[in-house]
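So the chains spell out like this:
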Amino acid sequence: MPNTNTTRETLAPLIEQLCREKNVPEEVLVKALCDGMLAAARKFYKDGEDLQARYDAETGQVEIYAVLKVVEVVENPHTEISLTDARQYDVDVEVDDVMEMPKVELPNEKKTSPLGRIAAQTAKQVIMQILRELERKAIYTEYSDKVGDMVNGVIKRTEGRFEERADGPADYIVDIGKGIEAVLPIREQSRSERYKQGDRVRAVITRVHEVAKGPQVVLSRTDPRLIEHLFEIAIPEIYDGTIKVMSAVHEPGDRAKVAVMSMDRNVDPVGACVGMKGARINEIIRELRGEKIDIVQWSEDPAKYAEHALNPAKISKVIILDPVERRMEVIVEEKQQSLAIGKKGQNVRLASRLIGWQIDVKSEEQKRQEVQAAMDSFISSSTSLSEMEGVGDKVIAILRENGVENVETILDMGEDRLRELPEIGEKTAAKVMAAARDLFEEVEIEVPEGVDVPTAIAGDGAEYGAGAAAAARDEEAGESTDAGAAEADETVEAPEADEAGESDGGVAGAEEDADGDGGVSDAVPGEAADEAAADGGGEEKSDDASADEASAGGSEQPEA
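Remember, predicted model here, so these are calculated numbers, not experimental data. (Residues numbered from 1 in each chain as written. Predicted model: local features only at pLDDT ≥ 70, side-chain atom pairs only at ≥ 80, totals over all residues. Heavy atoms only, no water.)

J.: Got a sec to walk through the pairing of strand S4 (residues 98-102)? Specific residues and values, please.
T.: Of the two faces of S4, the one holding Met99 and Met101 is buried and the one holding Val98, Glu100 and Pro102 is not buried anywhere. Here 5 bridges tie strand S2 (residues 61-71) to S4, and the two strands are oriented antiparallel to one another. In the sheet register, Leu68 faces S4, and the bridge partner there is Met99. (Buried < 20%, exposed > 50% of the residue type's maximum accessible area, 1.4 Å probe, protein only. Helix = DSSP H or I, 4+ residues; strand = E, 2+ residues; numbered from the N terminus. Pairing = 2+ DSSP bridges.)

Quick look at the structure:
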């Protein structure tokens, strides 16, 4: 019969008590007890036997036995037993059977009860180690599902104080019930809070370590979820679901912003959270050691949500810059800008975290200057009028007086609108338009079939295309300047022919070859006077040339 000093009256109640205190199942604790006793027996006997342990619930005892194999010839007496010896205990045993031999019943063997002090200490260490591991697993299993929940605890002690002062920052060890210790680290504490041993504290569970030498449960007083739980406790409408906390952010010890939404349109969420004379919100402020709290009404519209989040500042306009990247721009009056930004940027920083958008706060004057700078940059990046070849400074000055600042504007206007400008005649308009198009003609663009060609590439009339073709033909033929002048004289004799020649583009090329300076042709006195007045090209002509033009021009009057 197995023998042990531990009886049912002492072992069974001990197991039940440990199960209650350590919150572990009985079968797990029994296994730990058997493993401890087995470790002590192996250390005591030291003979290499295959020892096993078993707890007998009826007797309340732990039995230690050796597993032996039945063989014909024994080669290893620690793991084998002869058939003859085995049949002394069981007459039905056969070769290759396995027998469980209690250690106390083997002849000339030491009994299990006198394991000795060292072996008993070994059993105790093994059992305690197993119990600690079981306790950690039980804590992890219980509290890993409670991350984000608020718990109440009592400050037991402080650890890791970094200052010599008694009230300096330190990690607090908090008893959260059932003998479980949690830690409230320095980084998870508000800078305005100090505790003494025995103080009660509310905190949120943020992490649970699966394996740790110290406390496994980590608490926080800076997590925004603490504010949500405090609102739920202090405000019945939030507890019953009438009002919902959509988001909460804070900078511990300074300021917090909480966005709330009412599920009942007859209930004001902000007023319900504030309470009569601020009674409800003041209770939360006291728990947070005087931290200021802004209650914001939630909105699906990001612009309206941002307007509420930046309270108490008054917002003039909200511009959504990038809905994908969640960036917006808030425009305020000059005197409201510092209020919207807050001390050291705290107000806009909290609002940005609350709504989940990047917020840029600008005054109305800053926005006006930004728009003006963008306009100036656009104008400066356009093509200058001075880059047009053959257009004099006086024509450029007239264009600028009429609001034409770049070549792109000329191309957008077209030749018809250009003629309507004061002091710009038909011939001058054609010349300016041709010069503007020349700047964009060098790049050849392949246009797909069925797609309209832009004006800047193809022009808006046949006059330019015909004139360019005629000029190209004249250059290939190698016509002389005199031939060009003769052609110009024929045109002068019949003013109607001038219009016809102008329509097919042939006169323009001949006139340029005639005077050779890229200016206005001498052949058309009316147009020449107009060009001379506009771009100063006629100032280079002699008095005799002017007289010849006057006699050849007939009654034709210069254009206004």
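J.: Any details on the confidence of the model for the protein chain? Residues and values, ideally.
T.: When pLDDT is averaged along the protein chain, the result is 74, and 71% of the positions lie at 70 or above. Below a pLDDT of 50 lies the segment residues 1-9, which in the model reaches 21 contacts outside its immediate sequence neighbourhood of four places, other chains included. Note on residues 104-112: pLDDT under 50 across the span, and 22 contacts to partners over four residues away in sequence or across chains. (pLDDT = per-residue confidence, 0-100. Contact = heavy atoms within 4.5 Å.)

J.: I'd love a proper account of the packing of aromatic side chains, names of residues and values included.
T.: In total, this model carries 2 aromatic pairs according to the counting rule given. On the basis of an interplanar angle of 90° and a centroid distance of 5.5 Å, the ring pair of Tyr172 and Tyr195 is categorised as edge-to-face. Taken as a pair, Tyr172 in strand S6 (residues 171-175) and Tyr195 in the loop between strand S7 (181-184) and strand S8 (200-208) lie far apart in primary sequence, 23 residues in all. For the pair Tyr172 and Tyr195, one class covers both residues: buried. (Phe/Tyr/Trp six-rings, centres within 6.5 Å; stacked < 30°, edge-to-face > 60°.)

J.: Give a detailed account of the sheet that holds strand S10 (residues 243-251), specifying residues and quantitative values.
T.: Taking strand neighbours across the sheet as the criterion, the 3 strands line up as S10-S11-S12 in an open arrangement whose pairing is mixed. For this open sheet the edge positions go to S10 and strand S12 (292-297), each flanked by a neighbour on one side alone. Put simply, the sheet's adjacent strands are angled 20° from each other on average, direction ignored. In this sheet, strand S11 (residues 255-262) lies alongside S10 in antiparallel orientation, the contact comprising 8 bridges. Residue pairing in the sheet places Val249 in a bridge with Lys257 of S11. (Axes fitted to C-alpha atoms, helices over the stretch in contact; angles between N-to-C directions.)

J.: Describe in detail the sheet that holds strand S15 (residues 358-363), supporting the description with residues and values.
T.: The strand order across the open sheet built from 3 strands is S13-S14-S15, with neighbouring strands paired in mixed fashion. The strands lining the two open edges of the sheet, one partner per strand, are strand S13 (317-322) and S15. With strand direction ignored, the average angle separating the axes of adjacent strands in the sheet is 25°. The strands touched by helix H11 (residues 346-355) are strand S14 (327-332) and S15; relative to S15, the strand with the most contacts, the crossing angle is about 140°.

J.: Kindly report on the pattern of salt bridges, identifying the contributing residues and their values.
T.: Under the criterion given, the structure shown has 23 salt bridges. Between Arg280 and Glu237 there is a salt bridge, with its nearest N and O atoms 2.8 Å apart. With a gap of 43 residues between them, Arg280 in helix H8 (residues 279-287) and Glu237 in helix H6 (residues 236-239) connect regions that are remote in the sequence. One salt bridge connects Asp294 with Lys257, and the closest N-O pair in it is separated by 3.1 Å. (Salt bridge = Lys/Arg side-chain N within 4 Å of Asp/Glu carboxyl O.)

J.: Which residues make up H11, and what values do they have?
T.: A turn of α-helix holds 3.6 residues, and therefore any two residues three or four places apart point the same way. Taking burial as the measure, the 10 residues of H11 include 8 buried ones, the bulk of the element. The complete set of buried residues in H11 reads Gln346, Asn347, Val348, Leu350, Ala351, Ser352, Leu354 and Ile355. Positive backbone phi, at 80°, marks Gly356, one or two positions downstream of H11.

J.: Please give an account of the environment of Val98 that cites residues and values.
T.: Structurally, Val98 can be placed in strand S4. For Val98, a relative accessible area of 59% puts it in the exposed group. Residues Val98 and Ile81, 17 residues apart in the sequence, show an inter-C-alpha distance of 9.3 Å. Once residues within four sequence positions are removed from consideration, Val98 is found in contact with Val67 and Leu68.

J.: So what's going on with the packing of helix H14 (residues 407-419) against helix H15 (residues 426-438)? Which residues, and what values?
T.: Contact pair H14 / H15: the axes reach a minimum separation of 9 Å and the direction vectors enclose 155°. Regarding the angle of H14 to H15, the classification is roughly antiparallel. With respect to the hand of their crossing, H14 and H15 are arranged in left-handed fashion. In this structure, H14 uses Val407, Ile410, Leu411, Gly414, Glu415, Leu418 and Arg419 to contact H15, whose residues at the interface are Glu426, Ala429, Ala430, Val432, Met433, Ala436 and Arg437. (Parallel < 35°, antiparallel > 145°, perpendicular 65-115°, else oblique. Left-handed = near helix turned anticlockwise from the far one by under 90°.)

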